[in-house]
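Observations on the three-dimensional arrangement
Here is how the chains run, residue by residue.
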Amino acid sequence: MDVSPSKDHDMEDVGEPPISSIPDLITINRAKEKRQKNRQSETKSSSADYISISHYTTDKEETSFTSRLVREEDDDHVEEAYEYTSSRIPFGDPGRDKNTQFPKSLGEGDRDTLSDNDDGEEEDDVLQRWEMDQIKKGVRLRDHAAEALAEERAEQAKNAEYVKELEGGLSVKIFSVAEFKSLLSRSLESHRQSHQQSLGIAEGLVQQVTAASSRVSALEAEFRDASDQFTFFQKIRVFLENLSDCLSEKVQVIGKIEERLDNLYESHIKSLRAKESLHYNDDLSDSQKEALHSTGVNMMSDEHEEEREKRRKERSELRNYRLKRRKVKDEEEGWSTDEDLFDLPQKEATEFSYLIADSKKLFEDVEETYSSLRFLKENFESWESHYPTSYSNAFGIQSLPAFVGPFVRHELVEWQPLFQLQYEPSSSPFEKFEWYTLFSDKSETSKGVLPILFSKFFLPRLLAIIKFSWLPSSRTHNEIMLELVEETLFYLRDPHFHQAFFKAIFEKLMKEVEDAKPIPLTYAQKEPGTFGHRFAWRQLWKCVKLLRIVFSWRKFFAANTIQALMDPLVNRRIVPFLRLLKVPNLLRVLNKVAEIISPDWYRDNRPQVLSQLQELAKTVLN
């Protein structure tokens, strides 16, 4: 076991020579004794403080050194010259055989005790080699000590210079009073400038704090406004979502009611057309019977005679009713005939009442909030007045008609102006509609809403009335339709809607003209009191009345369109009959036609269709 001697204690006992001297044998023996004592006490040390020297010889030709010499731990921490792999430092000749070791012990006494059995020369070689190792180590230690001493002296010199400089910097210079006052003045001016800069910075900070406070107040106000706006928009969103769900369900019911009403009106008009054909055939049959009877021939009665007699009685009562209602008592029969003066038959009237009742009950299961058109407008007005930018960005003007549309259709379900026998023209035929009165004001919310309502919701309903309910041969129907068209055109600003609108009117008028019953020419010159004479003239005046109805549309149609409508009446109905009349009757008819045709319109357009009437009039005058 290695024994590490203490620098402060052990080496004093040993009498350690200077660092450059070689230890003598006595010192070595004392170290060995102390090492032996440490081995016996089994004391371990972390550093190698002693050198183990043991020598044994297994063969006289081979000698190995296995001991280590004492290695001092220098205070300067000198770096070891040899590399080592353990905590012990090997000494000796690096070129010597590894198997050669130092003797295990150098003995208790002098050099003669190293070995009693070994050769003296071999022992001398071992000692010499050991001494050489120690000399080399001592030289290296001396060099390291010299370098450390030089570094320490350089550091001391450096510190001395620093202290000298420091002492020189702390020297005090004595100023005069003037110099001291000047120094103070400069210092005071410098501090004054610093003070002014600080005041400027402080003033800027105060302004920033004031601006920040204003900004905080503004942000708080914006937050309150944003909170109110969010609450309002949430309310509007919930309202519109619920209203949309409600109306999407109700619109389907409204569509079914409209379809059933259109079928009802169409069926009724068809029944009127069929009845008119029966009346015409009955009158024609009666005229033929009268003509045959005048020649002495009597026709046999058939099985339908009883039904015809019943129809004759109905026609007679209707004619007497119309004669009483004539505004001008001397109007010709047929000229004043209005087939629209009727009530719906009992069956159709009952069904109509049921449909109207179903329509009125449509919103009974809905809260007033979602069934009131006025409440809907108030919500949009509140939105537009409080948040106009949001209202514009959300296309509120375009969205409002979509929500109002179902209410418009629901109100138009029971609107049938052509079946109102007591119809009285007013300043506007739409005044009784709630949607019209609500959005006809000049408010920003109502701006542009009515044209959209008319084009998307009112016009389709009016086209359905034209197609299924309008009887153009009726003067009353025609007057009502002219008024409706004129009022509707004021709100229909898109030419596309104009085209569809007038196309439906033209087709209806043309069908009425083409379906006009022919005038029986056989009875043109019959005696005025005969039934055939009255029947022929009644058909003539119906054609003249239809001519007047067609001409009343000259305000909305071009001249060539009016001529196309007048041609079947004039050239195929009226002119052939007039050629058979005597001059007084012919002049009476021509005067009536002249009253119908406006002189200005005739002069400006020179219609080709009236050329035959003109030639006929010239012939009569000549």
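No experiment lies behind these values; they were computed from the predicted model shown. Every residue gets a number counted from 1 within its own chain, in the order that chain's sequence is written. Two thresholds apply to this predicted model, a pLDDT of at least 70 for residue-level local features and 80 or more for giving and counting side-chain atom pairs, whereas whole-chain, interface and lining totals are computed over all residues. Only hydrogens and water are removed before side-chain values are computed, so all heavy atoms of the structure are retained for them.

**Quick look at the overall build of the protein**
Cut-off, in case you're wondering: Numbered from the N terminus, helices here are DSSP runs of H or I no shorter than four residues, and strands are runs of E no shorter than two. Contact criterion: two residues are considered in contact whenever any of their non-hydrogen atoms come within 4.5 Å of each other. Method for areas: the Shrake-Rupley scheme with a 1.4 Å probe, in which residue coverage is limited to the protein chains shown.
Secondary structure summary: the protein contains 19 helices and 2 strands in total. Here the contacts in the protein between residues at least 6 apart in sequence split such that 75% fall between residues at least 24 apart. Within the structure as shown, the protein displays about 38,100 Å² of accessible surface, and the carbon and sulfur contribution to it stands at 51%.

**Here we look at a nonpolar patch on the surface**
Filter applied, for reference: Patch definition: residues above 30% relative accessible area lacking any salt bridge, with like charges linked at up to 9 Å and the nonpolar side chains Val, Leu, Ile, Met, Phe, Trp and Tyr linked at up to 5 Å. Take a side-chain nitrogen of Lys or Arg and a carboxyl oxygen of Asp or Glu: if they are within 4 Å of each other, that pair is a salt bridge. Using a 1.4 Å probe on the protein chains alone, a residue whose accessible area is under 20% of its type maximum counts as buried, one over 50% counts as exposed, and one in between counts as partly exposed.
A grouping of I22, M132 and I135 is seen on the molecular surface, where their side chains present a nonpolar patch of about 250 Å² in accessible area. Structurally, the position occupied by I22 is in the loop between α1 (10-14) and α2 (25-41). Relative accessible area serves as the criterion here: at 39%, I22 is assigned to the partly exposed category.

**Regarding the nonpolar core**
Note that soluble globular proteins tend to have their nonpolar side chains buried in a common cluster. The condition is simple: Buried residues of nine kinds, namely Ala, Val, Leu, Ile, Met, Phe, Trp, Tyr and Cys, make up a nonpolar core once their side-chain atoms join them within 4.5 Å.
Membership of the largest hydrophobic core comes to 105 residues, with the highest contact counts inside it found for L376, W435, I505 and W553. A per-element tally of this core places helix α12 (residues 449-468) first, with 12 residues. Setting aside residues up to four positions removed in sequence, W435 forms contacts with L373, V404, V408, E411, L450, L453, F454 and F458.

**Topic: the confidence of the model for the protein**
Applied cut-off: As a per-residue measure, pLDDT reflects the predictor's confidence and takes values from 0 up to 100.
Taken residue by residue, the protein gives an average pLDDT of 76. The fraction at 70 or more is 71%. Here strand β2 (residues 62-65) stands out as the element of the protein with the lowest mean pLDDT, 40, in contrast to helix α10 (residues 396-412), whose mean of 92 is the highest. In the predicted structure, residues 1-20 sits below a pLDDT of 50 and forms 40 contacts with residues beyond four places in sequence or in another chain. Taken as a whole, residues 43-51 scores under 50 in pLDDT and shows 34 contacts with residues more than four places along the chain or in a different chain.

**A look at the side chain of Q539**
Within the secondary structure, Q539 is located in helix α15 (residues 531-551). If sequence neighbours within four positions are ignored, Q539 has contacts with Y280, K517, P518, I519 and P520.

**Concerning the pattern of salt bridges**
By the definition in use, this model includes 14 salt bridges. Among the ionic pairs, E189 bridges to R192, the shortest N-O distance being 2.8 Å. Taken as a pair, E189 and R192 lie in helix α4 (residues 177-294) at a separation of 3 residues, close to a single helical turn. Taking the relative accessible area as the measure of exposure, E189 reaches 36% and is therefore partly exposed. Among the ionic pairs, D515 bridges to K511, the shortest N-O distance being 3.3 Å. D515 gets classed as partly exposed once you look at its relative accessible area, which sits at 45%. Given the relative accessible area of 52%, K511 is considered exposed. Salt bridges linked by common partners bring K377, E381 and D441 together as one network.

**Side note on the packing of aromatic side chains**
Operational definition: Planes of paired rings set the category: under 30 degrees apart is stacked, over 60 is edge-to-face and the rest tilted, where pairs are Phe, Tyr or Trp rings (Trp by its six-membered ring) whose centres lie within 6.5 Å. Put simply, a charge is over a ring when the Lys NZ or the Arg CZ is close to the ring centre, within 6 Å, and near the line of the ring normal, within 35 degrees.
Scanning the entire structure with this criterion turns up 36 aromatic pairs. Taken together, the ring pairs connect W415, F430, F433, W435, Y436, F454, F458, F490 and Y491 into an aromatic cluster. Over the face of the ring belonging to F439 we find K377, whose NZ or CZ atom lies 5.3 Å from the ring centre. Of note, K517 hangs over the ring of Y280, and the distance from its end group to the ring centre comes to 5.9 Å.

**What about the packing of α15 against helix α17 (residues 583-596)?**
What counts is decided by this rule: An axis is simply a line fitted to the C-alpha atoms; with a helix, the fit covers only the stretch in contact. Between two such axes, the angle follows the N-to-C directions and lies from 0 to 180 degrees. Small angles under 35 degrees read as roughly parallel and large ones over 145 as roughly antiparallel, with 65 to 115 read as roughly perpendicular and the rest as oblique. Put simply, a crossing is left-handed when the front helix is turned counterclockwise from the back one by less than a right angle, and right-handed when it is turned clockwise.
Packing of α15 against α17 leaves a shortest axis separation of 9 Å and a crossing angle of 20°. As summarised for this structure, α15 and α17 are arranged roughly parallel, according to the angle between their axes. Read as a crossing pair, α15 and α17 show a hand that is right-handed. Residues W537, L540, W541, V544, L547, R548 and F551 of α15 touch α17, and the partners they reach there are N585, R588, V589, K592, V593 and I596.

**Let's talk about helix α6 (residues 346-360)**
Let me state the cut-off plainly: Helix span, expected: 1.5 Å multiplied by one less than the number of residues in the helix. Throughout, the arc means the angular range of directions from the helix axis out to the C-beta atoms.
Over its 15 residues, α6 extends 21 Å from the first C-alpha to the last, a length consistent with the 21 Å expected when each residue adds 1.5 Å. What α6 keeps buried is the set E348, L355, I356 and S359. Each buried residue of α6 lies within a common arc of 100° when the element is viewed along its axis, so the set occupies one face. Facing away from the buried side of α6 by more than 90 degrees, the exposed set consists of Q346, K347, Y354 and K360.

**Remarks on unusual backbone geometry**
Phi at F395 is positive, roughly 55°, even though this residue is not glycine. Checked against the element boundaries, F395 lands in the loop between α9 (388-393) and α10. With relative accessibility at 54%, the residue F395 sits in the exposed group.

**Observations regarding the packing of α10 against α12**
Keep this limit in mind: Here the term charged refers only to Asp, Glu, Lys and Arg, the term nonpolar to Ala, Val, Leu, Ile, Met, Phe, Trp, Tyr, Cys and Pro, and the term polar to all other amino acids, Gly among them.
At a minimum axis separation of 9 Å, α10 and α12 run at an interaxial angle of 35°. Crossing geometry of α10 relative to α12 is assigned as right-handed. Of the residues in α12, those touching α10 at I397, L400, P401, V404, G405, V408, R409 and L412 are V449, I452, L453, F457, F458 and R461. Considering only residue class, the contact of α10 with α12 consists of 11 nonpolar, 1 polar and 2 charged.

**Considerations on the environment of T530**
What counts is decided by this rule: Polar contacts, as counted here, are pairs of nitrogen or oxygen atoms within 3.5 Å of one another; within protein the pair requires one atom able to donate a hydrogen and one able to accept it, and residues that are adjacent in sequence qualify only if both atoms are side-chain atoms.
Among the secondary structure elements, T530 is positioned in the loop between α14 (495-514) and α15. Polar side-chain contacts of T530 include one of 3.3 Å to the backbone nitrogen of H533.

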